Amino acid sequence: MIGKKIILKIIWQGGLIILVSICLGLSVNLFRSNGLPLVGNWSAQARVEQVLGSPKTIPLSEAQKVHASGKAAFLDARPQAFYEFGHIKGAKSLPPELYAAKSSSTLAGLSRDALIITYCDGETCDLSLELAASLQKSGYSQVRVLVNGWTVWEAGGLPVETGPEH
Amino acid sequence: MSFNRTFVFLLRLALGLLFMFASWDKIIHPQDFAKIIYNYQILPDQLINLAAIVLPWLEMVMGLLLVCGWLPLGTTAWTSFLLALFGGVLTFNLIRGINVHCGCFSTSAGGDPANWLTLVRDMVLLAAGIFLLAANIKKERRTLEAIGVLK
């Protein structure tokens, strides 16, 4: 039904199309101001740096220390349901999409240079990063991201609690 | 299947213009588009930027060729393939429960979430792509028969 000749034609026409697209893509990318590196750094560290402007991640050990000393505010960037299922002890819930609505009440009493640590769940989750960006924009200067926060916190056997905010 | 020529022409034009329009935002915001690809969690990290660089142009080229009617077999084959691929990736992620932005028409973080409706839309476009491919194949067969290459 679809003869060999037609299949061959599809292949060479298709090959030409992808070749032209690759050439166009690569050359435009080379000469534009906002071009991409051919192989990007998609590690969590690089992504946080890209949005927040400098290494703003915090290692678990340090997060644990400031949590124990009560010197930091922890913000859970995940949806409410996940927060209630389990969150870092003392953390408040502030999903980035609710920032406009909830930030003033959630952040009440926090000074602009208070240490704030945001977290979500998963190596690739960017909710914590989005929240951190919003906080930075609002003028909070000491914001850090605990990458894969929920998982590593739980795995470390560190203090957690459940239920809605009290 | 009958392929009314006006219908085929209009469908080709519509699909072509759609792709040209859809590819534009991705071409001017490569970093945002790369981020969207990253969020799909399908490609290995090292291939993400290459995909972000090439895919929008493939879409633009496909759109242009559809509008002009050049390289019809290759164009409609790529169209169908890409739409099928996207449908598969989307289905996979919808089942996985990964919340991704479609990245179809815009690279902005706020808009364009990918849900089951997106899949339906993709399937409709895929049907159009396959239809056009079939129409082109039929046309090619007729041409080959007419010049005596095919029996």
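It should be noted that the structure appears before, not after, this text.
This section reports on the structure supplied with the text.

Conventions used here
- Residues numbered from 1 in each chain as written.
- Chains lettered and ligands numbered in written order.
- Predicted model: local features only at pLDDT ≥ 70, side-chain atom pairs only at ≥ 80, totals over all residues.
- Heavy atoms only, no water.
- Helix = DSSP H or I, 4+ residues; strand = E, 2+ residues; numbered from the N terminus.
- Contact = heavy atoms within 4.5 Å.
- Buried < 20%, exposed > 50% of the residue type's maximum accessible area, 1.4 Å probe, protein only.
- Polar contact = N/O pair within 3.5 Å; in protein donor to acceptor, adjacent residues only side chain to side chain.
- Arc of directions from axis to C-beta.

1. Overview of the environment of B:Leu11
All names here are of chain B.
Right, so step 1: Among the structural elements, Leu11 can be located in helix α1 (residues 5-28).
Right, so step 2: Leu11 sits 118 residues away from Gly129 along the chain, and the two C-alpha atoms are 9.1 Å apart.
Right, so step 3: Residues within four places of Leu11 in sequence aside, it is in contact with Ala128, Phe131 and Leu132.

2. Here we look at the side chain of A:Ser93
All names here are of chain A.
Right, so step 1: Mapped onto the elements of the fold, Ser93 is located in strand β3 (residues 92-93).
Right, so step 2: Judged by its relative accessible area of 0%, Ser93 is buried.
Right, so step 3: Side-chain polar atoms of Ser93 contact the side chain of Gln80, separated by 3.4 Å.

3. Overview of helix α5 (residues 99-106) of chain A
All names here are of chain A.
Right, so step 1: Buried residues of α5: Tyr99, Ser103 and Thr106, and no others. Within α5, the buried residues cover an arc of 80 degrees as seen down the axis, which keeps them to one side. Exposed residues lying more than 90 degrees from the buried face of α5 are Ala101, Ser104 and Ser105.
Right, so step 2: Buried residues along α5 sit against β1 (72-76), β3 and α6 (127-137).

4. Here's the deal with the environment of A:Ser54
Residue and element names in this part refer to chain A.
Right, so step 1: Checked against the element boundaries, Ser54 lands in the loop between α2 (44-52) and α3 (60-68).
Right, so step 2: Judged by its relative accessible area of 26%, Ser54 falls in the partly exposed class.
Right, so step 3: The spacing of Ser54 and His87 is 33 residues in sequence and 27 Å in space, taken between C-alpha atoms.

These results come straight from atomic positions and should not be treated as a statement about function.
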